[in-house]
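# Architecture at a glance
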Amino acid sequence: MNIFRHRPFGLPALAVLMIAAAGCSSADDAPSAAVPSPGAAVAKLCRNLDEGLPKKVDKLARRDPEPASALTAGWGDPAIILRCGIERPAKMADPEADGVEVNGVGWLLEQEADKSFRFTTTLRKAYVEVTIPAGRTGDGMAPLVSLAPAIKKAIPEGIADQSP
């Protein structure tokens, strides 16, 4: 005796399967970013920064990553991602590390293995990281130029507080 019964796969079952599959896929393919977990003082600075960020960066519309947070922001596709309140990068202790200043904001520059660039603010009360994907590296420093006014206004100069 066969305990498994063969049931025809009819149109109603197919419709239910397609609806379930559509519900599991992301229609907008939003970018993702790990949300930092800074202490209260840094989190407040980051929320202030989020309120002052531009709607466009290097002519790219804002498109925030998932999960939604005032500590992250994004622009374009592939997305330029900003994360505020990250931990101090170990590379900052390296006297040979590359740095650049863009419109009054100092940045640690790191090129990743995938040819993307990661910039982290230096000498500010909160560390702000901006990742420019490999497909956008031809834009040079333009994203940092767009972000500099908001960072200067929201994140004062100084040494970032790393307490939780």
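Heads up: the structure comes first, above all this text.
First, a word on scope: everything that follows refers to the structure included in this document. (Residues numbered from 1 in each chain as written. Predicted model: local features only at pLDDT ≥ 70, side-chain atom pairs only at ≥ 80, totals over all residues. Heavy atoms only, no water.)

## Here we look at the pairing of strand β6 (residues 105-111)
For β6, the buried fraction is high: five of the seven residues fall into the buried class. In the sheet, strand β5 (residues 98-102) pairs with β6 via five bridges, with the strands oriented antiparallel. Bridge pairing links Asp-98 to Leu-109 in β6. The antiparallel hairpin formed by β5 and β6 contains two residues in its connecting segment, where Asn-103 sits at a positive phi of about 50°. With six bridges joining them, β6 and strand β7 (residues 117-122) adopt antiparallel strand pairing. (Buried < 20%, exposed > 50% of the residue type's maximum accessible area, 1.4 Å probe, protein only. Helix = DSSP H or I, 4+ residues; strand = E, 2+ residues; numbered from the N terminus. Pairing = 2+ DSSP bridges.)

## Digging into the packing of aromatic side chains
This structure, assessed with the given rule, holds two aromatic pairs. Considering the side-chain rings of Trp-107 and Phe-119, the 6.4 Å spacing of their centres and the 85° angle between planes classify their relative orientation as edge-to-face. Here Trp-107, found in strand β6, pairs with Phe-119, found in strand β7; they are twelve residues apart in sequence, far enough to count as distant. On the basis of relative accessibility, which here comes to 3%, the residue Phe-119 falls in the buried class. Both rings, one in Phe-117 and one in Phe-119, keep their centres 6.2 Å apart while their planes meet at 25°; by these two values the pair is stacked. On the accessibility criterion, Phe-117 (22% relative accessible area) is partly exposed. (Phe/Tyr/Trp six-rings, centres within 6.5 Å; stacked < 30°, edge-to-face > 60°.)

## Structural notes on the packing of helix α2 (residues 40-52) against helix α3 (residues 142-154)
Between α2 and α3, the least distance of the axes is 9 Å, while the angle of their chain directions is 145°. Here the hand of the crossing between α2 and α3 comes out right-handed. In contact with Leu-45, Asn-48, Leu-49 and Gly-52 of α2, α3 contributes Ala-150, Ile-151 and Ala-154. Looking at the contact of α2 with α3 residue by residue, the classes come out as five nonpolar, two polar and no charged. (Axes fitted to C-alpha atoms, helices over the stretch in contact; angles between N-to-C directions. Left-handed = near helix turned anticlockwise from the far one by under 90°. Contact = heavy atoms within 4.5 Å. Nonpolar A, V, L, I, M, F, W, Y, C, P; charged D, E, K, R; others polar.)

## Let's talk about the nonpolar core
In terms of nonpolar packing, the biggest core is built from 28 residues, with Leu-49, Trp-75, Leu-82 and Ile-155 touching the most fellow members. Of all elements in the fold, only α2, β3 (72-75), β4 (80-84), β6, β8 (128-132) and α3 reach the threshold of two or more residues within this core. Element by element, the count of residues in this core is highest for α3, at six residues. Filtering out sequence-adjacent residues up to four positions away, Trp-75 remains in contact with Leu-53, Pro-54, Lys-55, Lys-56, Val-57, Leu-60, Ala-61, Arg-62, Arg-63, Ile-80, Leu-82 and Leu-147. Membership of the second largest hydrophobic core comes to five residues, among which are Ile-86, Leu-108, Tyr-127 and Ala-160. (Core = buried A, V, L, I, M, F, W, Y, C linked by side-chain atoms within 4.5 Å.)

## Quick word on unusual backbone geometry
In this model, Glu-66 is joined to Pro-67 through a cis peptide bond whose omega is -5°. At the junction of Asp-77 and Pro-78, the peptide bond is cis and its omega measures out at 5° in the coordinates. As for its position among the elements, Pro-78 is in the loop between β3 and β4. Despite not being glycine, Asp-58 shows a phi value in the positive range, around 50°. In this fold, Asp-58 is placed in the loop between β1 (56-57) and β2 (60-61). Given the relative accessible area of 24%, Asp-58 is considered partly exposed.

## Regarding the sheet that holds β8
Strand order in the open sheet formed by six strands is β3-β4-β8-β7-β6-β5, with antiparallel pairing between adjacent strands. Both outer strands of the open sheet, β3 and β5, are each paired with one neighbouring strand and no more. Across the sheet, the mean angle from the axis of one strand to that of its neighbour is 25°, orientation sign disregarded. Here β4 pairs with β8 via four bridges, running antiparallel. From the neighbouring strand, Ile-81 faces β8, where its bridge partner is Thr-131. Those strands touched by α3 are β3, β4, β5, β6, β7 and β8, and its axis lies near 135° from that of β6.

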